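Structure at a glance
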Amino acid sequence: DLILSEVSDLPSGLYTFPVPDTETIEQHDQVFSVGHPDGLKFSTTPGFVSAILKTSDMPEQFQAILKSPDTEWIQTDAAISGGSSGGPLLDERGQLVGVTTLVISDSRIAFAVSAKHVRELLLQRDQPVLPLPTPDADVLTTKALASVMASFSREYVQLITDVRQLQSITQD
């Protein structure tokens, strides 16, 4: 759901969200999710940071799905739904603090990957770029990201399967 690209001349009317150099978000801060839920373009919903935690701090059923123990997550009650994943989670200054990723259905619990992981990707942008392994794509990426993208579909299908299993367990 996320592609980082560098644009030398930003077209008129487009805006970029600054990615701060340090963590600027804390529990109870107000945040805003921007996305396209169900085709409603650029919907913005407010919420608060409920918690900031690593995968290893989450309940076991989440750890089994998310698998990466060092990923930092921002838990929020901002209304995030299908079509909004990959969208920005912004602080009150309009700075990127996270990328919306996961919603627990039938609840107001959502998670965004911390912007610190976006910063890490931005630091790698001086690496050589390669075409994405997608037919007829004119998108460029690093060799590391191309490798990740090659296995993304398989992992995404498994994630969806695991989330559906988790939802059926929690509903029973």
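Our subject is the structure that appears above.
Notes on the structure in this doc start here. (Residues numbered from 1 in each chain as written. Predicted model: local features only at pLDDT ≥ 70, side-chain atom pairs only at ≥ 80, totals over all residues. Heavy atoms only, no water.)

Let us now look at unusual backbone geometry. The phi dihedral of His28 falls on the positive side, at around 80°, and the residue is not glycine. Inspection of the secondary structure assignment puts His28 in the segment before β1 (30–35). (Helix = DSSP H or I, 4+ residues; strand = E, 2+ residues; numbered from the N terminus.)

Among the five residues in strand β3 (residues 72–76), five count as buried, and that is most of the element. Neither face of β3 is exposed, since Glu72, Ile74 and Thr76 on one face and Trp73 and Gln75 on the opposite face are all buried. Looking at chain direction, strand β2 (residues 43–54) and β3 are connected through five bridges and run antiparallel. Each residue of the ladder has a partner; that of Ala51, found in β3, is Gln75. Relative to strand β6 (residues 109–114), β3 is paired through four bridges, and the arrangement is antiparallel. Counted as the bridge partner of Trp73 is Val113 from β6. (Buried < 20%, exposed > 50% of the residue type's maximum accessible area, 1.4 Å probe, protein only. Pairing = 2+ DSSP bridges.)

For Ser33, the location among the structural elements is in strand β1. Beyond its immediate chain neighbours, meaning those up to four positions away, Ser33 contacts Ser43, Thr44, Thr45, Ala78, Ile80, Pro88, Leu89 and Thr100. (Contact = heavy atoms within 4.5 Å.)

Let us look at the sheet that holds β6. On the basis of which strands lie adjacent, the closed barrel formed by six strands has the order β1-β2-β3-β6-β5-β4 and antiparallel pairing. Mean inter-strand twist for the sheet, computed between neighbouring axes without regard to direction, equals 45°. Bridge count between β1 and β2: six bridges; the pairing is antiparallel. Each residue of the ladder has a partner; that of Gln30, found in β2, is Phe48. Running at roughly 30° to β6, helix α2 (residues 115–123) makes contact with β3, β5 (96–104) and β6 of the sheet. (Axes fitted to C-alpha atoms, helices over the stretch in contact; angles between N-to-C directions.)

For the rest of this paragraph, the subject is the environment of Gly35. Locating Gly35 in the fold gives a position in strand β1. For the pair formed by Gly35 and Gly87, sequence separation is 52 residues and the distance between their alpha carbons is 5.3 Å. Setting aside chain neighbours within four positions, we find Gly35 in contact with Leu40, Lys41, Phe42, Ser43, Gly83 and Ser84.

Turning to the pattern of salt bridges, a few remarks are in order. Between side chains of opposite charge, pairing is possible as soon as their charged atoms come close. The final tally for this structure, using the stated rule, is one salt bridge. Residue Asp91 is joined to Arg93 by a salt bridge in which the shortest nitrogen-to-oxygen separation is 3.0 Å. Using a relative accessible area of 56% as the deciding quantity, one classes Arg93 as exposed. (Salt bridge = Lys/Arg side-chain N within 4 Å of Asp/Glu carboxyl O.)

Ranked by size, the top nonpolar core spans ten residues in total: Ala51, Leu53, Met58, Phe62, Ile65, Leu66, Trp73, Leu102, Phe111 and Val113. Considering each element in turn, this core owes the most residues, three residues, to helix α1 (residues 60–66). Here Val113 is in contact with Thr71, Glu72, Trp73, Val97, Gly98, Val99 and Thr101, once residues within four sequence places are set aside. Listed in part, the seven residues of the second largest apolar core include Ile25, Val49, Ile74 and Val97. (Core = buried A, V, L, I, M, F, W, Y, C linked by side-chain atoms within 4.5 Å.)

Regarding α2, the residues found buried are Ala115, His117, Val118 and Arg119. Where α2 is buried, its residues touch β3, β5 and β6.

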